[in-house]
Amino acid sequence: MSKDSYLVGLIGSGIGPSLSPALHEREADRQGLRYLYRLLDIDRLGVAAEAVGDLLRTARDLGFDGLNITHPCKQHVIAHLDALAPQAEALGAVNTVVFEDGRAVGHNTDVTGFAASFARGLPDAPLERVVQLGAGGAGAAVAHATLTLGAERVTVVDALPERAAALADSLNRHFGDGRATAATPDRLPHLLARADGLGGLVHATPTGMAAHPGLPLPAELLHPGLWIAEVVYRPLETELLRTARALGCATLDGGGMAVFQAVDAFRLFTGREPDSARMLADFTELAGAVAAPQ
């Protein structure tokens with residue numbers, strides 16, 4: 001039988017503004033569960049991302065049922081797990097850890113979360129040429145999701161060329177040769193010009209978060225023939241989205257991905273089926289409260 005009491009948490013950097021605790025706890029309340037969601041912020045704890053293994057062991061010893069993992073720990077955590085779900089193994093990134101039968105098993109709900117959000121928010125977006133900025137843990141997940149959704153080709157751009165190349169190689173092994181290529185940021189003008197009317201830009205770096213404000217690329221590279229999909233959801237309207245909307249681009253904020261990955265994580269933690277529509281409504285309310293003047 002399913003339990004009726006759960007202790008879960010989130011490990012990451014600068015996670016104080018996270019809406020995950022409220023999203024999970026509200027849905028648990030509606031299902032009659034006792035459910036505590038705690039934040040383990042490595043910045044406040046004064047430890048580096050490499051300390052995620054110690055935090056994982058401590059959480060397990062304290063009786064946690066599972067953990068969400070976010071930037072910059074999604075790849076560091078893998079070495080400290082007992083097993084990986086197939087999708088997490090293919091990605092090389094984990095955002096959800098479930099403690100079961102004395103083992104720590106890594107999953108990735110970012111893939112399904114982004115795919116569900118994209119299908120809902122940009123259902124008719126062309127996918128012939130997709131440019132993705134960012135090849136970290138979130139980048140791996142959204143690239144897999146974009147190709148799963150039917151993108152013909154994804155070009156991965158990252159400030160670290162070796163990281164972009166590694167992700168492109170992994171994508172080609174998984175989806176077939178030629179589905180992904182790697183490029184350096186100086187190629188963005190050419191790539192985005194070629195995507196005009198045929199695709200868009202997926203942004204998967206921390207730029208735009210409250211702790212990393214600003215634009216991830218020059219504004220003059222954006223034009224109305226592109227759709228723009230954002231992974232950042234704190235704040236919900238990043239400078240990138242604000243600039244893109246002003247230019248007439250179709251846009252997708254990071255809120256849907258945040259909600260749908262939480263839906264899938266809740267299911268993994270509890271074995272119960274969450275109500276995604278209610279969680280989307282919760283997110284809209286919570287995000288609005290955060291954005292409102294105090």
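Figured I'd write up the structure that's included with this text. Quantities reported herein were computed from a predicted structural model and do not represent experimental measurements.

**A closer look at the nonpolar core**
And step 1. Core analysis: the largest hydrophobic core is formed by 33 residues, its most contacted members being F114, F118 and W227.
And step 2. For this core, the secondary-structure elements that each account for two or more residues are α5 (110-121), α6 (137-148), β8 (154-157), α7 (161-175) and β11 (227-230).
And step 3. Here the element with the most residues in this core is α6; it accounts for seven residues.
And step 4. Beyond its immediate chain neighbours, meaning those up to four positions away, W227 contacts F118, L122, A125, P126, L127, V130, G199, G200, L201, V202 and A250.

**Comments concerning the packing of aromatic side chains**
And step 1. Going through the model one piece at a time under the given rule, you end up with five aromatic pairs.
And step 2. With centroids separated by 6.1 Å and ring planes inclined at 45°, the aromatic side chains of Y6 and Y35 adopt a geometry described as tilted. Of this pair, Y6 sits in strand β1 (residues 5-12) while Y35 sits in strand β2 (residues 34-41), placing them 29 residues apart in sequence.
And step 3. On the basis of relative accessibility, which here comes to 5%, the residue Y6 falls in the buried class.
And step 4. Residue Y35 is classed as buried on the basis of its relative accessible area, which comes to 6%.
And step 5. Plain terms: the ring middles of F118 and W227 are 5.0 Å apart, the flat faces sit at 75° to each other, and that makes the pair edge-to-face.

**A short note on the sheet that holds strand β7 (residues 129-133)**
And step 1. Taken in spatial order, the six strands make up an open sheet running β9-β8-β7-β10-β11-β12, and their pairing is parallel. Either end of the sheet is taken by a strand with one partner, and the two such strands are β9 (180-183) and β12 (250-252). Averaged over all adjacent pairs, the angle separating strand axes in this sheet is 20°, with direction ignored.
And step 2. Pairing geometry for β8 and β9, over four bridges, is parallel. Bridge pairing links V156 to A182 in β9.
And step 3. Packed onto the sheet, α7 meets β7, β8 and β9 and runs at close to 175° relative to β9.
And step 4. Sheet strands touched by helix α9 (residues 239-247): β10 (199-203), β11 and β12. Its angle to β11, the strand with the most contacts, is close to 165°.

**Some remarks on the sheet that holds strand β3 (residues 66-69)**
And step 1. Taken in spatial order, the six strands of this open sheet run β2-β1-β3-β5-β6-β4, and their pairing is mixed. Of all the strands in the sheet, just β2 and β4 (83-84) have a single pairing partner and so form its edges.
And step 2. Relative to strand β6 (residues 103-107), β4 runs parallel, the two sharing two bridges. Bridging from a neighbouring strand, L84 pairs with G106 of β6.
And step 3. Each of β2 and β3 is contacted by helix α1 (residues 20-30), which is oriented at about 170° to β2, the strand it contacts most.

**Description of the pattern of salt bridges**
And step 1. If you walk through the whole model with that rule in mind, you get 16 salt bridges.
And step 2. For the salt bridge of D54 with R57, the shortest nitrogen-to-oxygen distance reads 2.5 Å. Of this pair, D54 and R57 both sit in helix α3 (residues 52-61), three residues apart, which is roughly one turn of that helix.
And step 3. Using a relative accessible area of 45% as the deciding quantity, one classes D54 as partly exposed.
And step 4. Each of R26, E27, R30, D275, R278, D282 and E285 takes part in a single network of salt bridges with overlapping partners.

**Brief notes about the packing of α5 against helix α10 (residues 255-270)**
And step 1. As a packed pair, α5 and α10 sit with axes 7 Å apart at the nearest point and diverge in direction by 130°. Taken together, the axis directions place α5 and α10 in an arrangement best described as oblique. Of the two elements, α5 crosses α10, and the hand of that crossing is right-handed. Note on element contacts: α10 touches α5 through G256, M257, F260, Q261 and D264, opposite D110, T112, G113, F114, A116, S117 and R120.
And step 2. In terms of residue class, the contact of α5 with α10 is made up of four nonpolar, five polar and three charged.

**What about the pairing of β11?**
And step 1. Covered by surrounding structure in β11 are W227 and A229 together with I228 and E230, the residues of both alternating faces.
And step 2. In terms of strand pairing, β10 meets β11 through four bridges, oriented parallel. Looking at the pairing, L201 lines up with I228 of β11.
And step 3. Judged from the three bridges that link them, β11 and β12 form a sheet pairing that is parallel. Across the sheet, I228 pairs through a bridge with T251, a residue of β12.
And step 4. Tracing the backbone out of β11, into α9 and back to the parallel element β12 gives a crossover that is right-handed.

Rules used in this analysis
Residues numbered from 1 in each chain as written. Predicted model: local features only at pLDDT ≥ 70, side-chain atom pairs only at ≥ 80, totals over all residues. Heavy atoms only, no water. Core = buried A, V, L, I, M, F, W, Y, C linked by side-chain atoms within 4.5 Å. Buried < 20%, exposed > 50% of the residue type's maximum accessible area, 1.4 Å probe, protein only. Helix = DSSP H or I, 4+ residues; strand = E, 2+ residues; numbered from the N terminus. Contact = heavy atoms within 4.5 Å. Phe/Tyr/Trp six-rings, centres within 6.5 Å; stacked < 30°, edge-to-face > 60°. Pairing = 2+ DSSP bridges. Axes fitted to C-alpha atoms, helices over the stretch in contact; angles between N-to-C directions. Salt bridge = Lys/Arg side-chain N within 4 Å of Asp/Glu carboxyl O. Parallel < 35°, antiparallel > 145°, perpendicular 65-115°, else oblique. Left-handed = near helix turned anticlockwise from the far one by under 90°. Nonpolar A, V, L, I, M, F, W, Y, C, P; charged D, E, K, R; others polar. Right-handed = clockwise from strand over helix to strand, strands pointing away.

Read these as spatial facts, not as claims about activity.
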